[in-house]
Amino acid sequence: MPALSELEDAFLKAKKDREFQKELSYLQRTYIGRPTPLYFAKRFTEYLGGAKIYLKREDLAHTGAHKINNALGQALLAKKMGKRRLIAETGAGQHGVATATGAALVGLECEIYMGTEDIKRQALNVFRIRLLGAKVTEVPIGSRTLKDAINEALRDWTTNVRTTHYVLGTVFGPHPFPFMVREFQSIIGKETVRQIIEAEGRLPDYLIACVGGGSNALGLFYAFLNLNKSRLPYQVRMIGVEAGGEGIESGRHASRFAGGSIGVFQGCKSYLLQDIDGNVLGTHSVAAGLDYASIGPEHPYLREKDVIQYTYATDEEALSAFELLSKTEGIIPALESAHALAEVMKLAPKLSKEKIIIVNLSGRGDKDVQQVARIKGIEL
Ligand SMILES: *Cc1c(COP(=O)(O)O)cnc(C)c1O
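Residues numbered from 1 in each chain as written. Predicted model: local features only at pLDDT ≥ 70, side-chain atom pairs only at ≥ 80, totals over all residues. Heavy atoms only, no water.

**Q** Kindly report on the side chain of serine 362, identifying the contributing residues and their values.
**A** Within the element layout of this structure, serine 362 appears in the loop between strand S12 (356–361) and helix H16 (369–375). Those residues in contact with serine 362 that sit more than four places away from it in its chain are Glu58, Asp59, Gly64, Ala65, His66, Cys210, Asn216, Glu336 and Ser337. (Helix = DSSP H or I, 4+ residues; strand = E, 2+ residues; numbered from the N terminus. Contact = heavy atoms within 4.5 Å.)

**Q** Which residues make up the site of the ligand, and what are the values?
**A** The environment of the ligand is made up of 16 residues, and the closest members are Lys67, Thr170, Gly212, Gly214 and Ser215. Within the side chain of threonine 170, an N or O atom sits 2.6 Å from an oxygen atom of the ligand. Glycine 214 is positioned such that a nitrogen or oxygen atom in its backbone is 2.7 Å from an oxygen atom of the ligand. Bound to the protein, the ligand loses 97% of the 380 Å² it would expose on its own. Residue classes in the shell around the ligand are distributed as 3 nonpolar, 11 polar and 2 charged. (Near = heavy atom within 4 Å. Polar contact = N/O pair within 3.5 Å; in protein donor to acceptor, adjacent residues only side chain to side chain. Areas by Shrake-Rupley, 256 points an atom, 1.4 Å probe, with all protein chains shown as cover. Nonpolar A, V, L, I, M, F, W, Y, C, P; charged D, E, K, R; others polar.)

**Q** Give me the lowdown on the packing of helix H10 (residues 187–200) against helix H11 (residues 215–228), citing residues and values where you can.
**A** For the pair H10 and H11, the least separation of the axes is 6 Å and the interaxial angle reads 55°. Judged on the interaxial angle alone, H11 and H10 are oblique. Seen along the crossing, H10 lies across H11 with a hand that is right-handed. Contacts between H10 and H11 involve Ile188, Gly189, Lys190, Thr192 and Val193 on the former and, on the latter, Asn216, Gly219, Leu220, Ala223, Phe224 and Leu227. Broken down by class, the residue content of the contact of H10 with H11 amounts to 6 nonpolar, 4 polar and 1 charged. (Axes fitted to C-alpha atoms, helices over the stretch in contact; angles between N-to-C directions. Parallel < 35°, antiparallel > 145°, perpendicular 65-115°, else oblique. Left-handed = near helix turned anticlockwise from the far one by under 90°.)

**Q** Give me the lowdown on the nonpolar core, citing residues and values where you can.
**A** Soluble globular proteins: nonpolar side chains tend toward being buried together. Membership of the largest hydrophobic core comes to 54 residues, with the highest contact counts inside it found for Leu77, Trp157, Tyr166 and Phe177. If we skip the residues at most four places from it in the chain, phenylalanine 177 touches Leu4, Leu7, Gln74, Trp157, His165, Tyr166, Leu168 and Phe172. Counting 37 residues, the second-largest nonpolar core is a separate cluster that includes Tyr206, Leu290, Leu319 and Ala348. (Core = buried A, V, L, I, M, F, W, Y, C linked by side-chain atoms within 4.5 Å. Buried < 20%, exposed > 50% of the residue type's maximum accessible area, 1.4 Å probe, protein only.)

**Q** With reference to specific residues and values, describe the sheet that holds strand S1 (residues 38–40).
**A** Pairing within the open sheet is mixed, and its 6 strands lie in the order S1-S2-S12-S7-S8-S11. Because the sheet does not close on itself, it has two edges, and the strands there are S1 and strand S11 (308–314). Along the sheet, successive strands turn relative to each other by an average axial angle of 25°, direction set aside. Direction of pairing for strand S2 (residues 52–57) relative to S12: parallel, over a ladder of 6 bridges. Residue pairing for S12: lysine 56 is matched across the bridge by asparagine 360. Sitting on the sheet, H11 touches strand S7 (206–210), strand S8 (237–245), S11 and S12, and the angle it makes with S7 is about 155°. (Pairing = 2+ DSSP bridges.)

**Q** Can you tell me about the pairing of strand S4 (residues 109–115), naming the residues and giving the values?
**A** Counting buried positions over the 7 residues of S4 gives 6, a clear majority of the element. Across 5 bridges, strand S3 (residues 85–89) lies against S4 in parallel orientation. Bridging from a neighbouring strand, alanine 88 pairs with isoleucine 112 of S4. Traced from S3 through helix H5 (residues 94–106) to S4, the parallel crossover comes out right-handed. Sheet analysis places S4 next to strand S5 (residues 135–139), joined by 5 bridges and oriented parallel. (Right-handed = clockwise from strand over helix to strand, strands pointing away.)

**Q** Could you give an account of the packing of aromatic side chains, with specific residues and numbers?
**A** In this structure the tally under the stated criterion is 10 aromatic pairs. Their ring planes at 80° and their centres at 5.5 Å tell us that phenylalanine 11 and phenylalanine 179 sit as a pair that is edge-to-face. Residue phenylalanine 11 is found in helix H1 (residues 2–16), and its partner phenylalanine 179 is found in helix H9 (residues 177–185); the two are separated by 168 residues along the sequence. The same class applies to phenylalanine 11 and to phenylalanine 179, which are both buried. (Phe/Tyr/Trp six-rings, centres within 6.5 Å; stacked < 30°, edge-to-face > 60°.)

**Q** Quick one: what's the story with H1, residue by residue and with numbers?
**A** When the terminal C-alpha atoms of H1 are compared, their 22 Å separation across 15 residues agrees well with the 21 Å that a helix rising 1.5 Å per residue should span. Looking only at H1, the buried set comprises Ala3, Leu4, Leu7, Ala10, Phe11 and Ala14. Viewed along the axis of H1, the buried residues span an arc of 130°, placing them on a single side of the element. More than 90 degrees from the buried face of H1, the exposed residues found are Pro2, Asp9, Lys13 and Lys16. Where H1 is buried, its residues contact helix H2 (18–32), helix H4 (67–80), helix H8 (146–159), strand S6 (164–166) and H9. (Expected span 1.5 Å × (residues − 1). Arc of directions from axis to C-beta.)

**Q** Lay out the sheet that holds S6 in plain terms, naming residues and giving numbers.
**A** Within a sheet, adjacent strands bond to each other through the backbone by hydrogen bonds, running parallel or antiparallel. The parallel open sheet is built from 4 strands, whose spatial order is S5-S4-S3-S6. A single partner strand is all that each edge strand has here, and the edge strands are S5 and S6. Direction aside, the axes of adjacent strands within the sheet are offset by 25° on average. Where S3 meets S6, 3 bridges bridge the pair, whose relative direction is parallel. From the neighbouring strand, arginine 85 faces S6, where its bridge partner is threonine 164. In the packing of H8 onto the sheet, contacts are made with S3, S4, S5 and S6, and the angle to S3 comes to roughly 155°.

**Q** Before we move on, could you go through a nonpolar patch on the surface and cite the residues and values that matter?
**A** A cluster of nonpolar side chains, namely Ile332, Val369, Ile378 and Leu380, defines an oily patch on the protein surface of about 370 Å² accessible area. Considering the arrangement of structural elements, one finds isoleucine 378 in the segment after H16. (Patch = residues over 30% accessible without salt bridge, like charges linked within 9 Å, V, L, I, M, F, W, Y side chains within 5 Å. Salt bridge = Lys/Arg side-chain N within 4 Å of Asp/Glu carboxyl O.)

Keep in mind these numbers describe shape, not what the thing actually does.
Here it is in structure tokens:
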């Protein structure tokens, strides 16, 4: 609790601190490359033959995904708090890379916890993290994957809290993390409001994003949630897309809403894939970033209030969206983002041509090319 209280105080102070905000926005511009474009996907739209589709290009952010928005914000905050060391957990390695990047940028030591299984599967990202000057620590216990890495990182943090800041990678865990990560990611939606008004003179009808922990979704949705509360003539509808894996019936998926129930895990109460005794179940998704047993706690809250709707896309649907966007637009999306695109492929043809959909293209697919080749039985 003292660590969490200290962090909450520091973050609330930084939010109001002009110097901090100035430095953050300077680095968002010159280092991350913000604002990322809002791109009208003309050929993807024509192919589907319905609503106009815009892509928010987080894939063009430095390191290739939205995760840097949060990692950079927290690295700056840690520096401001006088910490000298960053730690983080990573599954696929994306958040590890983003955190190691943030640490290198502001000049902090960095240690990344990663399960043995993930280290084996993600050799390239492990090397990348080491190149960035961080240490990768193997977690050989439990299922040897992301949830075990989170446990180890939390343990390290409680032991070394005086010198160390824990950079949680999504809107998950104990307060203030879900709130703080959402704040750092909300730049996505703030830019999008401006950009869509400039392009179309109005707000969109739909926002669609994939949901792992849920940070790129809340990052895009948050500015619009506030607009929906105000004097709009219509509501912007928001859809979060979870990983349906091999289908809900197969049990091999990560759809917490479709297949889970409420539980308490790793510092928050949320939806969780668990057995009848509350043991956390194994998950599966072709997209490593969506492959997690729980979801950030603000999502069940917003679902209950009927503000956001949730659905899922299967591995197969995501893979076909991955190929379709590549062919029609020359943009290879991350497999995570391809889940959001799969929902667009179902929805857009049913809507008239005046409707507008914005999809969060949370990351680029270069990291996934080898895996997709393997699935298609192609030797590289
Ligand atoms: C990590 C990741 C996600 C899932 O995380 P959220 O917190 O749900 O955004 C989605 N897309 C990409 C490209 C990622 O790297």
